[in-house]
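Residue strings, one per chain:
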Amino acid sequence: MPAKVGIPRSLSYYQLFPLWKTFFEEMGAELVVSGPTTKKILDDGVKCCVDEACLPVKLFHGHVADIKDRVDYLFIPRLTSISKGEYICPKFGGLPDMVRTSLHGLPEIISTEINLRKNKRNSLKAAMEIGHYFTDKDSQIKSAYKKAVGCYNLVKDNFEKGYIPDFIRPGKTAETKSLEKDRNLNIALVGHTYNIYDSFVNMNIWRKLENKNANIITIEMVDEKAINRNARQLPKKIFWNYGRKAVGSAMHLLNEKNLDGVIYVMSFGCGIDSFVCDLVERRIRRTTDLPFIVITLDEHSGEAGLDTRLEAFIDMVRWRCTDKK
Amino acid sequence: MKLTFPHLGNAYIAVKALLDELGVDYIIPPFNNKKALEIGIKNSPEFACLPLKINIGNIIQAYREGADTVLITGGCGPCRFGYYCEMEREILQDAGYDIGFITIDAPRGISLKEYFSQLLKITNGINIYKIAKAVKNTTEIAILVDQLEKLTFKMRSIEACRGDTDSVYRDFQQEIRLINGAQSIKKYISQTSQKLTNIRCNTGIKPLKVGIVGEIYTTIDSYTSFNLDARLGNMGVEVDRSVTVSNWVVEHMLKKVFHLPRDLKYAEAAKPYLGAMIGGHAQETIGNSIMYSQKGYDGIVQIYPLTCMPEIVAQSILPAVENDYGIPVLTLIIDEMTGEAGYLTRLEAFVDLLNKRREMAASDR
Ligand code: SF4
Ligand code: SF4
């Protein structure tokens, strides 16, 4: 019987799942992914986490609770860094330790550290360590790793072209092309992937915007080269992977003539967002009069409040559009 | 050029000595105060961590007194502190303050010369040897100040007359601002420490011992911590804290520049609970809590500013340490809304608990 590996549908899932999926399947493991976020998953997470944790971290715990009794291993790598010279968030680095103390009755956790900050080759090293849970054959692990990276890059490239991959597709969206003409409003939706693509957490913001005829552009749809070109203009390098991408893509999109508004989605109490959102906002305010709002998500966010704010925002966007013509 | 720098507990004494030695003109911002915090809150992002907000307040207050350039340290993550310098620059720029920044960035394997190039910039013409000497003096002063603080921790818990230690220390803080030059500063520190040792003490008492752990700013800075160490001291508790200014200077800056092996005992101790450096002082928090417990301390107080990422991780893990080592832990979270009364009540209740545990342990014997 193949070993069952549990992957919480949370945090890094929204960015790295294609990588994990291919790798573990090549290792002959059976994947168990927790279900889409529900009220129960949220409640379970809130219950076992310290109050001060941000919503995404609480949710992560809920997703672990959802699958922990059904798997042989939980895959919670210690994600220190996934890109050279950059970190993710201190909480990603401490995630396996938090889960271990906050939840009981856990299966074995595969908590290999992934740290590419100094050296990209460390990712193969991490893959070997993970692979050895399933096989002794180094060659098998290496080829699984290669395939997984290939698969991940393909998904990423397609995403930049506007094709939202199946594993995170929110709402009814089929595909979105950046800044296209037929939808009449172009709205940048900036935020962490686990906020932008989890429709429970963001209260269906995606669908809500599409119903208002908005064409949504996310960070993942911006060409990474353009992101880097823009991010390099900052006097000091942003050392968070997400921070570079958020600020870089915002700067890039600001230069595109047909952007109509920016929505920043942040988690209540998120340390990284508190700085990154501010950096993005300053860049918008300094150079444009683009409508900009911040939507803050926490476990108490109400849908009615969101609706009202989106309504007002879209009105403002439209008003500004007609004014320009 | 008139330099200024944000406060971090008593760090101003060492920085002052450095700038005196280098012959640079500077303004020390007013000690942390309500107004500084208000200015900071008004100008900073709502969810920024508290130290950033106070830094902003310090800088603006110093600017109003005539400072035109900020000296600040940088960093490379993962926690927010490493980006403070940029955030502060952006905030002040947009708020219309015409103030320059000199950032001493965390050395990443760069040479000594490069590291001090920022310092060279402000000292026009002083040679590198003089700078090295100033740095040496500064480090020594940072260490002396920390030893002095440690002495107050001890004296408070055993002083015969409540308030004696506080009064000596208060005088010290007022006076030291006015004393210039490394040698005079050193001399005044040693005089003060003499005064402290002369305080009349109760003999034969064994005070409760509490280790203070957590985020560096709130553990070190008495304004943001509501005077945590003095408060506990005046309840008859001897406190200790491992994270200090000199420790930070020596371990995080000097040893990195000179490629010296760092003291990582705390990391070893923390390993079974937090297996890696995740930023801030989370590993120190866990490791030091364990080491305090092994040294027979009665309790641990963790303190950190709301939304502090590394300490939230540490807080989640501390219950396991509490359990395995049988040592009570109190977590205090500080933000601009924290009320002093509620804070004090929790602290008092904690000390009561520790006293009861001691009594129970004694009667069991
Ligand atoms: S980046 Fe923000 S939201 Fe994500 S885990 Fe860290 S603190 Fe939480
Ligand atoms: S350690 Fe905490 S308080 Fe300090 S900068 Fe980092 S997140 Fe902010």
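Residues numbered from 1 in each chain as written. Chains lettered and ligands numbered in written order. Predicted model: local features only at pLDDT ≥ 70, side-chain atom pairs only at ≥ 80, totals over all residues. Heavy atoms only, no water.

Some remarks on the overall build of chain A
Note the following rule: Here a strand is any run of E in DSSP of at least two residues, a helix any run of H or I of at least four, and the numbering for each starts at the N terminus. The buried label applies to any residue whose accessible area, calculated with a 1.4 Å probe on protein chains only, is under 20% of its type's maximum; exposed applies above 50%, and partly exposed to all values in between. Pairs of residues are marked as contacts when any of their non-hydrogen atoms sit within 4.5 Å. Note on areas: Shrake-Rupley with a 1.4 Å probe; residue coverage comes only from the protein chains shown. Positive charge is attributed to Lys and Arg, negative charge to Asp and Glu, and no charge count is given to His or to the chain ends. In this description, the location of a charge corresponds to atom NZ of lysine, CZ of arginine, CG of aspartate or CD of glutamate.
Looking only at helices and strands, one finds 13 helices and 10 strands in chain A. Oriented by its inertia axes, the alpha-carbon framework of chain A measures out at about 65 × 40 × 35 Å. Expressed as a percentage of its 325 residues, the buried residues of chain A come to 60%. Considering only residue pairs separated by 6 or more positions, chain A has 72% of its internal contacts joining residues 24 or more positions apart. Accessible surface computed for chain A: about 13700 Å², of which carbon and sulfur atoms make up 50%. Once the 49 positive and 41 negative side-chain charges of chain A are each reduced to a mean point, those two points are 6 Å apart.

Digging into the pairing of strand E7 (residues 329-334) of chain B
Residues and elements named next belong to chain B. Counted only if it meets this: Two strands are counted as paired when DSSP detects at least two bridges linking them.
Of all six residues making up E7, five are buried, and the element is well covered by its neighbours. Where strand E6 (residues 299-305) and E7 come together, six bridges link them in parallel fashion. From the neighbouring strand, Val301 faces E7, where its bridge partner is Leu330.

Observations regarding the site of ligand 2
The condition that has to hold: Proximity is defined per residue: if any heavy atom of the residue lies within 4 Å of a molecule or strand, that residue is considered near it. Ten residue types, Ala, Val, Leu, Ile, Met, Phe, Trp, Tyr, Cys and Pro, are classed as nonpolar, four, Asp, Glu, Lys and Arg, as charged, and the remainder, Gly among them, as polar.
Inspection of the region around ligand 2 gives Cys49, Cys79, Arg80, Phe81, Tyr84, Glu215, Pro305, Cys308, Met309 and Pro310 of chain B as its neighbouring residues. Here the residues of the shell around ligand 2 sort into eight nonpolar, no polar and two charged.

Looking at the domain arrangement of chain B
Residue and element names in this part refer to chain B. Our working rule: Start and end positions for the domains come from either an automated domain assignment or a database one. A simple way to read buried area is as the amount of 1.4 Å-probe accessible surface that goes missing from two parts once joined, with both sides added. Whenever a carboxyl oxygen of Asp or Glu lies within 4 Å of a side-chain nitrogen of Lys or Arg, that contact is scored as a salt bridge. Polar contact is defined as a pair of N or O atoms within 3.5 Å, subject to the rule that within protein one atom must be able to donate a hydrogen and the other to accept it, and that residues adjacent in sequence are counted only when both atoms are side-chain atoms.
For chain B, the domain assignment lists domain 1 (3-131) and domain 2 (207-365). Of note, the centres of domain 1 and domain 2, computed from C-alpha atoms alone, are 26 Å apart. Contact with domain 1, which involves 28 residues of that partner, is made by 25 residues of domain 2. Of the roughly 2100 Å² buried between domain 1 and domain 2 on both sides combined, carbon and sulfur atoms contribute 74%. One can count one salt bridge joining domain 1 with domain 2. A salt bridge links Glu336 to Lys53; its shortest N-O distance comes to 2.9 Å. The interface formed by domain 1 and domain 2 includes six residue pairs in polar contact (both at pLDDT 80 or more). Going through the elements one at a time, helix H2 (34-43), helix H3 (50-64) and helix H5 (112-122) are the ones with two or more residues in the side of domain 1 that touches domain 2.

Let's talk about the packing of aromatic side chains
Two descriptors summarise a pair of aromatic rings, namely the distance from one centre to the other and the angle between the planes of the rings. Our working definition: Side-chain rings of Phe, Tyr and Trp (the six-membered ring for Trp) are treated as a pair once their centres are within 6.5 Å; stacked means planes under 30 degrees apart, edge-to-face means over 60, and tilted covers the remaining angles. For a ring to carry a charge above it, either NZ of a lysine or CZ of an arginine must fall within 6 Å of the ring centroid while also lying within 35 degrees of the normal to the ring plane.
Under the definition given, this model contains 28 aromatic pairs over all chains. Ring geometry for Phe226 of chain B versus Tyr343 of chain B: centroids 4.7 Å apart, planes at 45°, classification tilted. Of this pair, Phe226 of chain B sits in the loop between helix H9 (216-220) and helix H10 (228-234) while Tyr343 of chain B sits in helix H15 (residues 340-364), placing them 117 residues apart in sequence. One exposure class covers both Phe226 of chain B and Tyr343 of chain B, and it is buried. Taken together, Trp20, Phe23, Phe24, Tyr73, Phe75, Tyr133 and Phe134 of chain A form an aromatic cluster joined through their ring pairs. The side chain of Arg177 of chain B reaches across the aromatic face of Phe31 of chain B, ending 4.7 Å from its centre.

Let's talk about the sheet that holds E6 of chain B
All names here are of chain B. Applied cut-off: Helix axes are fitted only over the stretch in contact, all axes being lines through C-alpha atoms; the angle between N-to-C directions runs from 0 to 180 degrees.
Pairing in this open sheet of four strands is parallel, and the strands run E5-E4-E6-E7 from one edge to the other. Looking at the sheet topology across the chains shown, the edges are occupied by strand E5 (237-241) and E7. Within this sheet the neighbouring strands show an average axis-to-axis angle of 25°, counted without direction. Summarising the sheet, strand E4 (residues 208-214) and E6 pair through five bridges and their orientation is parallel. Across the sheet, the residue bridging to Gly211 is Ile300, located in E6.

A few points about the interface of chain B and chain A
At the junction of the two partners, chain B supplies 41 residues and chain A supplies 36 residues. Regarding the contact of chain B and chain A, the summed buried area is about 3200 Å², with carbon and sulfur atoms giving 67% of it. Secondary structure elements with two or more residues in the side of chain B that touches chain A: helix H4 (84-94) and helix H14 (309-325) of chain B. Take the side of chain B that touches chain A: its biggest share by element is nine residues, from H4 of chain B. Residue classes in the side of chain B that touches chain A are distributed as 25 nonpolar, 10 polar and six charged.

Looking at the packing of helix H5 (residues 95-102) of chain A against H14 of chain B
Each pair of packed helices gets described by two things: the angle between the helix axes and the distance between those axes. Note the following rule: With the far helix as reference, a near helix turned anticlockwise by less than a right angle produces a left-handed crossing, and one turned clockwise produces a right-handed crossing.
Relative orientation of the contacting elements H5 of chain A and H14 of chain B amounts to 35°, with a least axis distance of 8 Å. Judged by the sense of rotation from one axis to the other, the crossing of H5 of chain A with H14 of chain B is left-handed. Every residue of H14 of chain B that contacts H5 of chain A at Asp97, Met98, Thr101 and Ser102 of chain A is listed here: Ile312, Val313, Ser316, Ile317 and Ala320 of chain B. Across the contact of H5 of chain A with H14 of chain B, the residue classes tally to five nonpolar, three polar and one charged.

Some details on the nonpolar core
Short version of the rule: What makes a nonpolar core is a set of buried Ala, Val, Leu, Ile, Met, Phe, Trp, Tyr and Cys residues whose side-chain atoms join them at distances within 4.5 Å.
Within the largest apolar cluster, 127 residues are counted, with the highest numbers of intra-cluster contacts made by Phe24, Ile263 and Tyr264 of chain A. Looking at which element gives the most residues to this core, the answer is helix H1 (residues 13-26) of chain A, with eight residues. Every residue in contact with Tyr264 of chain A, bar those within four places of it in the chain, is listed here: Val190, Tyr242, Asp273, Val276, Cys277, Val280, Phe292, Ile293, Val294 and Ile295 of chain A. Counting 39 residues, the second-largest nonpolar core is a separate cluster that includes Ile13, Met155, Ile179 and Leu196 of chain B.

Some details on the pattern of salt bridges
All names here are of chain A. Scanning the model with the defined rule gives 42 salt bridges over all chains in all. Between Lys156 and Glu224 there is a salt bridge; the shortest N-O distance is 2.7 Å. In this pair, Lys156 sits in helix H7 (residues 138-160) while Glu224 sits in helix H10 (residues 224-231), placing the two residues 68 residues apart along the sequence. Relative accessible area serves as the criterion here: at 19%, Glu224 is assigned to the buried category. Connected through shared salt-bridge partners, Glu86, Lys156, Glu160, Glu224, Lys237 and Arg244 make up one network.

Some points on the confidence of the model for chain B
To keep it simple, the criterion reads: Values of pLDDT, ranging from 0 to 100, describe the predictor's confidence in every residue of the model.
For chain B, mean pLDDT is 91; residues scoring 70 or higher make up 95% of the total. With pTM at 0.94, the complex prediction returns an ipTM value of 0.93.

Thoughts on the site of ligand 1
All names here are of chain A. In the vicinity of ligand 1, the contacting residues are Cys54, Pro56, Val57, Cys89, Lys91, Phe92, His192, Tyr194, Ser267, Cys270, Gly271 and Ile272. Within the residue set of the shell around ligand 1, elements represented by two or more residues are helix H3 (55-67), helix H4 (90-93) and helix H12 (271-287). By residue class, the composition of the shell around ligand 1 is eight nonpolar, three polar and one charged. Counting residues domain by domain, the shell around ligand 1 receives three or more from each of domain 1 (4-158) and domain 2 (164-324).

Describing the domain arrangement of chain A
Residues and elements named next belong to chain A. Considered domain by domain, chain A is made up of domain 1 (4-158) and domain 2 (164-324). A separation of 26 Å is found between the C-alpha centroids of domain 1 and domain 2. Each partner contributes residues to the interface: domain 1 has 29 residues there, and domain 2 has 25 residues. Counting each side, the surface lost to burial between domain 1 and domain 2 is near 2100 Å², with a carbon and sulfur contribution of 60%. For the domain 1 face of the interface with domain 2, the top three residues by lost area are Tyr14, Leu55 and Glu86, together amounting to 30%. Linking domain 1 to domain 2 there are four salt bridges. Summed over the shared surface of domain 1 and domain 2, the number is nine residue pairs in polar contact (both at pLDDT 80 or more). Looking at the side of domain 1 that touches domain 2, the elements with two or more residues in it are H1, helix H2 (39-48), H3, H4 and H7. For the side of domain 1 that touches domain 2, the per-class residue count stands at 17 nonpolar, five polar and seven charged.

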